[in-house]
Amino acid sequence: MTGGEPETDGESTLSLTREEMRTTFEYQVDRLKEIDSKAIEILKANVLLIGILVTAASILVQTDVRVTEFINAFTVTGALLLFVSTGLAGVTYTASNLRGGLDADAVERAIAGHRGRTDDAFEAQLLRSYGRWIEYNAQVTAVNDILVTVTVLLVIVSFAYVVGGLAVAAAGLSTLAAAVAFVAFTIPIAAFVRLAYHMDHLGTPSEEADVETFSGVRLSKGGTRAEGAEALKRMLLGSAPEPGDGEE
């Protein structure tokens, strides 16, 4: 398209599509940065807290305080969950691997084929590439959102168990009573975790299938929990990417 010439309908459609896809792509990058920042802040806070707890424990063992009274199923579970959340925060921070942009080979191919193709042909190829990048990045976002959500929930639950353990120790409950209290405490905690984990999206199949609109990309979450779990499974198993996710 030369300067001063009005855009045709086709060119206008391609331009609008490109701008919309670029906006989506940039939001995905910002969203992953936000998740990474959240994960690293949780990691720092957990490491600091673990350091404080270890220091406090080392001081208490040198006093007359009976530390063993505070070691029960609640506090042990809370400590384990805190350690797991710390590990997941580190994994979340390192799991981000966005795709986008033109590498050197793609640029060379574009230059070599410039004389034999129109600008529209290159733009169409770029749009298809944007589509693949966005789909791939949506899977990365879905995986990272699952990891950071689980990390946050584990931190909350670990504190709840520690507080429960301190209460049990202060009340001086018997082993049987403490076990019953642990089960009774775990049931609502599990229900809360399940509810919070699945609060991931709104929408119905009929809305997704509306022929008058585009279904769109789930920007904040990247996808449903089921889609994120499937992507995480492929990542853990080292499976081949889904069709369309491979390199150009």
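Residues numbered from 1 in each chain as written. Predicted model: local features only at pLDDT ≥ 70, side-chain atom pairs only at ≥ 80, totals over all residues. Heavy atoms only, no water.

1. A look at helix H2 (residues 73-95)
Heads up, the condition is: Only DSSP runs of H or I reaching four residues or more are called helices, and only runs of E reaching two or more are called strands; each is numbered from the N terminus. Given the number of residues in a helix, its expected span is that number minus one, multiplied by 1.5 Å. Only protein chains enter the calculation, and the probe is 1.4 Å; a residue is then buried if its accessible area is under 20% of its type maximum, exposed if over 50%, and partly exposed in between. Pairing of N or O atoms within 3.5 Å defines a polar contact, subject to two protein rules: one partner must be a possible hydrogen donor and the other a possible acceptor, and residues neighboring in sequence count only if both atoms are side-chain atoms.
Taking 1.5 Å as the rise per residue, H2 with 23 residues should run 33 Å; its terminal C-alpha atoms sit 32 Å apart, in good agreement. If you check which residues of H2 are buried, you get Phe74, Thr75, Thr77, Gly78, Leu81, Leu82, Ser85, Thr86, Ala89, Thr92 and Ala95. Of the residues flanking the start of H2, the one acting as N-cap is Asn72, its side-chain oxygen 3.0 Å from the backbone nitrogen of Phe74.

2. Looking at the layout of surface pockets
Basically, it comes down to this: Site definitions follow a grid-based scheme: protein atoms alone, a 1 Å grid, a 1.4 Å probe that fits but cannot get out for cavities, and for pockets an open set with protein on both sides within 12 Å along at least five of seven lines, plus lining residues having an atom within 4 Å of a point. Grid points are joined across faces, edges and corners, and a volume is the space filled by probe spheres set on the points. All residues other than Ala, Val, Leu, Ile, Met, Phe, Trp, Tyr, Cys, Pro, Asp, Glu, Lys and Arg, Gly among them, are scored as polar; the first ten of these are nonpolar and the last four charged.
Its boundaries defined by the atoms lining it, the largest pocket holds a volume of some 660 Å³. What lines the largest pocket is a set of 21 residues, among which Leu53, Ala57, Phe70, Thr75 and Val162 lie closest to the centre. Secondary-structure elements contributing two or more residues to the lining of the largest pocket are helix H1 (9-60), H2 and helix H4 (119-171). The element best represented in the lining of the largest pocket is H1, accounting for seven residues. Here the lining of the largest pocket is composed, by residue class, of 18 nonpolar, three polar and no charged.

3. Let's talk about a nonpolar patch on the surface
The cut-off we apply is this: Two distance rules govern patches: like charges are joined within 9 Å, and nonpolar side chains (Val, Leu, Ile, Met, Phe, Trp, Tyr) within 5 Å, applied only to residues with over 30% relative accessible area and no salt bridge. Note on areas: these come from Shrake-Rupley sampling with a 1.4 Å probe, and a residue is covered only by the protein chains present in the view. The working definition used for a salt bridge is a side-chain nitrogen of Lys or Arg within 4 Å of a carboxyl oxygen of Asp or Glu.
On the surface, Leu102, Val107, Ile111 and Phe122 cluster together into a nonpolar patch covering about 330 Å² of accessible area. One can find Ile111 in helix H3 (residues 104-112).

4. With respect to the nonpolar core
Spelled out, the test is: Note on terminology: a nonpolar core comprises buried Ala, Val, Leu, Ile, Met, Phe, Trp, Tyr and Cys residues joined through side-chain atoms within 4.5 Å. Should any heavy atoms of two residues lie within 4.5 Å, those residues are considered in contact.
Core analysis: the largest hydrophobic core is formed by nine residues, namely Leu14, Met21, Phe25, Val29, Leu126, Leu127, Tyr130, Trp133 and Ile134. The set of elements that each furnish at least two residues to this core consists of H1 and H4. Of all the elements, H4 adds the most residues to this core, at five residues. Excluding residues within four positions of it along the chain, Ile134 makes contact with Met21, Thr24, Phe25, Gln28 and Val217. Counting residues in each nonpolar core, the second largest holds eight residues, with Phe74, Val168, Ala178 and Ile189 among its members.

5. Re the packing of H2 against helix H5 (residues 175-197)
Just so we agree on the cut-off: Between the N-to-C directions of two axes lies an angle of 0 to 180 degrees, each axis being a line fitted to C-alpha atoms and, for a helix, fitted only over the stretch in contact. We call two directions roughly parallel when the angle between them is under 35 degrees, roughly antiparallel when it is over 145, roughly perpendicular when it lies between 65 and 115, and oblique otherwise.
Where H2 meets H5, the closest approach of the two axes is 10 Å, and the angle between their N-to-C directions is 40°. Between H2 and H5, the interaxial angle falls into the category oblique. The segment H2 lies against H5, with Ala73, Phe74 and Thr77 engaging Ala178, Ala181, Phe182 and Phe185. Residue composition of the contact of H2 with H5, by class: six nonpolar, one polar and no charged.

6. Focus on the packing of aromatic side chains
The relative placement of two aromatic rings is captured by the distance of their centres and the angle of their planes. Defined as follows: The aromatic pairing rule takes the rings of Phe, Tyr and Trp, using the six-membered ring of Trp, and pairs them if the centres are within 6.5 Å, calling planes under 30 degrees apart stacked, those over 60 edge-to-face and the rest tilted.
Taken as a whole and judged by the stated rule, the model has eight aromatic pairs. Ring plane angle 65° and centroid distance 5.5 Å describe the contact between Phe74 and Phe185, whose orientation is recorded as edge-to-face. You can see Phe74 sitting in helix H2 and its partner Phe185 sitting in helix H5, a full 111 residues away along the chain. With a relative accessible area of 25%, Phe185 lands in the partly exposed category. Here the aromatic rings of Tyr161 and Phe182 are separated by 5.6 Å at their centres, their planes lie at 40°, and the arrangement is tilted.

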